[in-house]
Structure formats: structure tokens, C-alpha cells
Amino acid sequence: QQMLQYLQDDPELLPALTLAYIGDGYYEMAVRNYLLKQGLRRVDDLHKNAIELVCAATQAQLAHRLQPGLNEVEQTVLRRGRNAKGMHIPKGATVANYRLATGMEALVGYWYLCADWERLDDCFAQLWQMRKENLQ
């Protein structure tokens with residue numbers, strides 16, 4: 001419990017890839033909940049739609065969309081995640097997109113550990129809007 005309190009007090013002190021690890025988990029759950037709320041029930045449909053929303057290209061696009069509204073600390077977290085070493089680039093992702101997606105996940109992890117639900121809600125509202133735009 002002391003460790004959790006420490007993480008919430010100073011999440012920006014955590015390594016960028018640790019923030020990205022936490023952010024990846026939160027991001028995935030947010031996407032899955034959203035898809036269930038959209039009425040999807042078949043696992044194949046859920047999986048196919050989730051892949052589109054969690055892929056590096058989509059996360060990088062979301063990061064570009066959010067960047068103008070980020071404060072200095074958030075910009076730093078995003079940059080640290082983007083520049084983190086030790087990443088394995090998955091097949092089908094560009095290096096640039098994967099690095100920016102890692103920065104986006106670090107930012108989500110930061111917001112989660114700060115319990116900044118307003119920023120997380122705004123972030124995912126932007127993602128849902130991007131999805132609507134892409135479906136049209």
C-alpha cells in the first residue's frame with residue numbers, strides 16, 4: 001500500500017516504460033468497455049474492433065490530436081515515452097508510430113496514476129470521435 005501511495009504521489013518519477021505498461025492496461029480496458037457499450041458481444045467482433053483502436057497507428061494519431069492541449073508536464077511524459085529505449089517494434093508498425101504510441105501509453109499511465117479522470121475522459125472521447133470519423 002505504501003508503494004501505491006508513492007506511485008500516486010510522484011508518477012512522473014517512474015520510468016517511462018513503466019508508465020506505458022500501466023497505460024497500456026488501462027487503455028485496453030477502456031477500449032473493451034467502450035466496445036461492449038456499443039453493443040458488440042461476439043468475441044471475434046470485439047477483438048477485430050479492439051485491434052483497430054489499440055494499434056500503434058491509432059495511438060500515434062491520438063497523440064498527435066492531443067498534443068496541442070497538453071501542458072508542459074504532460075508533454076514531457078509523452079516525450080519520455082516516445083524516446084524510451086528497449087522497445088521491440090511489432091510487425092506492421094512503423095518505428096515512428098510505435099514510439100509515439102508508447103508515449104501515448106505512458107501519458108495514459110501517468111493520468112491513471114494521478115487519478116486525473118477528466119484528462120482520461122477527454123483522451124478517450126477524442127479516440128471515440130476519431131473512430132466515428134474513420135467509420136464515415
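All values reported here derive from a predicted model rather than from experimental measurement. Starting from 1, residues in each chain are numbered consecutively following that chain's sequence as written. The predicted origin of the model limits local features to residues at a pLDDT of at least 70 and limits the giving and counting of side-chain atom pairs to 80 or more, whereas totals for whole chains, interfaces and linings rest on all residues. Note: side-chain values were computed over all heavy atoms of the structure, leaving out hydrogens and water.

Q: Please explain the packing of helix α6 (residues 95-113) against helix α7 (residues 117-135) as it appears in this structure.
A: The relative placement of two packed helices is expressed as an angle between their axes plus a distance between the axes. Only C-alpha atoms enter the line fits that serve as axes; for helices the fit covers just the stretch in contact. Angles between N-to-C directions range over 0 to 180 degrees. Each helix is a run of H or I in the DSSP string that is no shorter than four residues. Each strand is a run of E no shorter than two, and both are numbered from the N terminus. Interaxial distance between α6 and α7 falls to 8 Å at its minimum, and their mutual angle equals 145°. Considering only the axes of α6 and α7, their crossing is left-handed. For the pair α6 and α7, the contacting residues are Met104, Val108, Trp111 and Tyr112 in the first and Trp117, Arg119, Leu120, Cys123 and Phe124 in the second. Throughout, the ten residues Ala, Val, Leu, Ile, Met, Phe, Trp, Tyr, Cys and Pro are labelled nonpolar, Asp, Glu, Lys and Arg are labelled charged, and all others, Gly among them, are labelled polar. By residue class, the composition of the contact of α6 with α7 is eight nonpolar, no polar and one charged. Each crossing gets its hand from how the near helix is turned against the far one by less than a right angle, where anticlockwise is left-handed and clockwise is right-handed. Contacts between residues were defined by any pair of non-hydrogen atoms, one from each residue, lying within 4.5 Å.

Q: I would appreciate a short explanation of the side chain of Glu74 in the present structure.
A: Within the element layout of this structure, Glu74 appears in helix α5 (residues 72-83). Note on exposure labels: buried denotes an accessible area under 20% of the residue type's maximum, exposed denotes more than 50%, and partly exposed covers the range between, all computed with a 1.4 Å probe on protein chains only. Look at Glu74 and you get buried, because its relative accessible area is 4%. As used in this structure description, the phrase polar contact means that two N or O atoms lie within 3.5 Å; if the pair is within protein, one of them must be able to donate a hydrogen and the other to accept it, and residues adjacent in sequence are counted only when both atoms belong to side chains. A polar contact is formed between the side chain of Glu74 and the side chain of Arg119, at a distance of 2.5 Å. In this structure, Glu74 is in contact with Gly69, Leu107, Tyr110, Trp111 and Arg119, ignoring residues within four places of it in sequence.

Q: Got a minute to help me understand the packing of helix α3 (residues 43-54) against helix α4 (residues 56-66) in this structure?
A: α4 packs onto α3 with a crossing angle of 45° between their chain directions and a minimal axis gap of 5 Å. Overall, the two elements α3 and α4 adopt an arrangement that is oblique. Contact residues: Glu52, Leu53 and Val54 in α3; Ala56, Thr58 and Gln59 in α4. Considering only residue class, the contact of α3 with α4 consists of three nonpolar, two polar and one charged. Orientation labels follow simple angle bins: below 35 degrees gives roughly parallel, above 145 gives roughly antiparallel, 65 to 115 gives roughly perpendicular, and whatever is left gives oblique.

Q: When you look at the packing of aromatic side chains in this model, what are you seeing that I'm missing?
A: One pair of aromatic rings is described through two measures. These are the centre distance and the angle between the planes. The pairing test for Phe, Tyr and Trp rings, Trp by its six-membered ring, is centres within 6.5 Å, and the orientation test on the planes gives stacked under 30 degrees, edge-to-face over 60, and tilted for anything in between. Throughout the structure, instances matching the rule amount to seven aromatic pairs. A centroid spacing of 6.4 Å and a plane angle of 35° characterise the contact between Tyr26 and Trp117, whose relative ring orientation is tilted. Residue Tyr26 is found in helix α2 (residues 16-37), and its partner Trp117 is found in helix α7; the two are separated by 91 residues along the sequence. Looking at Tyr26, the relative accessible area reads 24%, which means it is partly exposed. Plain terms: the ring middles of Tyr112 and Trp117 are 5.9 Å apart, the flat faces sit at 70° to each other, and that makes the pair edge-to-face. With relative accessibility at 42%, the residue Trp117 sits in the partly exposed group. Ring-pair connections join several aromatic residues into one group, and the members of that group are Tyr26, Tyr27, Tyr34, Tyr112, Trp117, Phe124 and Trp128.

Q: For this particular structure, what's the right way to read the pattern of salt bridges?
A: When charged atoms on two side chains of opposite charge get close, those side chains can pair. Each reported salt bridge corresponds to a side-chain nitrogen of Lys or Arg within 4 Å of a carboxyl oxygen of Asp or Glu. This structure, assessed with the given rule, holds five salt bridges. Notably, a salt bridge pairs Glu28 with Arg32, separated by 2.9 Å at the nearest N-O pair. Here Glu28 and its partner Arg32 are both found in helix α2, four residues apart, which amounts to about one turn of the helix. For Glu133, the salt bridge is made with Arg65, and the minimal N-O distance between the two is 3.1 Å. You can see Glu133 sitting in helix α7 and its partner Arg65 sitting in helix α4, a full 68 residues away along the chain. One salt-bridge network, held together by shared partners, links Arg42, Asp44 and Asp45.

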